[in-house]
Amino acid sequence: MSTPHVVVVMGVAGTGKTTIGPLLADALGVPYAEGDDFHPPANIAKMSAGTPLDDNDRWPWLDAIGQWAHGRAGLGGVVSSSALKRVYRDRLRAEAPGAVFLHLTGDRSLIEQRMADRKGHFMPAALLDSQFSTLQPLQEDEAGVGVDVSGTPEEITERAVAALRRLAN
Ligand SMILES: Nc1ncnc2c1ncn2[C@@H]1O[C@H](COP(=O)(O)OP(=O)(O)OP(=O)(O)O)[C@@H](O)[C@H]1O
Ligand SMILES: [Mg+2]
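Below you will find a few notes about this structure.

Rules used throughout
- Residues numbered from 1 in each chain as written.
- Chains lettered and ligands numbered in written order.
- Predicted model: local features only at pLDDT ≥ 70, side-chain atom pairs only at ≥ 80, totals over all residues.
- Heavy atoms only, no water.
- Axes fitted to C-alpha atoms, helices over the stretch in contact; angles between N-to-C directions.
- Helix = DSSP H or I, 4+ residues; strand = E, 2+ residues; numbered from the N terminus.
- Parallel < 35°, antiparallel > 145°, perpendicular 65-115°, else oblique.
- Left-handed = near helix turned anticlockwise from the far one by under 90°.
- Contact = heavy atoms within 4.5 Å.
- Nonpolar A, V, L, I, M, F, W, Y, C, P; charged D, E, K, R; others polar.
- Near = heavy atom within 4 Å.
- Polar contact = N/O pair within 3.5 Å; in protein donor to acceptor, adjacent residues only side chain to side chain.

1. Some details on the packing of helix H5 (residues 108–117) against helix H6 (residues 125–134)
The angle between the axes and the distance between the axes are what describe a pair of packed helices.
Here is step 1 of the chain: Where H5 contacts H6, the two axes come as close as 11 Å, and the packing angle between them is 140°. With respect to H6, the element H5 is oriented oblique. In terms of crossing hand, the pair formed by H5 and H6 is right-handed. The residues of H6 that touch H5, namely those facing Arg108, Ile111 and Glu112, are Ala125, Leu128, Asp129 and Phe132.
Here is step 2 of the chain: When the residues that make up the contact of H5 with H6 are grouped by side-chain class, the tally is 4 nonpolar, no polar and 3 charged.

2. Some words on the site of ligand 1
Here is step 1 of the chain: Around ligand 1 sit 14 residues in total, of which Lys17, Thr18, Thr19, Arg118 and Gly151 are the nearest.
Here is step 2 of the chain: Between ligand 1 and the protein, one listed contact pairs an oxygen atom with a backbone N or O atom of Gly14 at 2.9 Å.
Here is step 3 of the chain: If you list the elements that add at least two residues to the shell around ligand 1, you get helix H1 (17–28) and helix H7 (153–166).
Here is step 4 of the chain: The element contributing the most residues to the shell around ligand 1 is H1, with 3 residues.
Here is step 5 of the chain: Looking at the shell around ligand 1 residue by residue, the class counts come to 4 nonpolar, 7 polar and 3 charged.

Structure (structure tokens):
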């Protein structure tokens, strides 16, 4: 049997990381961790005050996610992290070299619609613009797959499982 993947679910805000992550973990029979839960207290204070995080704030957060992923090496796991920039993914891989990325991709209009329907969250359109302009898709040398987020969460999860299965260990 092949070694279970440690999967980082990445993508712009509203693309479905928190929705698909736990479904994927269930389908693979591995634990799920929510990337947002790894922020150190200083980041939480900053975000609560409405101050955007800068990259210096992100490094300890990415390290913590990477350490969780490393702890699941050989066992399998799913963790969410938008990981929009290549340097963020490099940072995650520095801790968890075997991690593979599942990039949830979708039309801006679809994601915008889902964001608009989301309860208890407010995200101005400008923030989504900045997410798309920050996004650096997976490069050739990065282990991972892209999956389109049209359809139901169950359909997306099936697509993700199939795509991950095709990824060589
Ligand atoms: N396949 C889907 N069909 C319909 N609605 C969906 C689907 N996937 C996600 N959603 C809804 O879209 C919204 C955004 O999804 P979700 O919160 O999972 O995204 P996210 O990538 O975790 O966002 P963030 O980066 O802000 O944490 C939620 O309201 C969620 O219920
Ligand atoms: Mg989320």
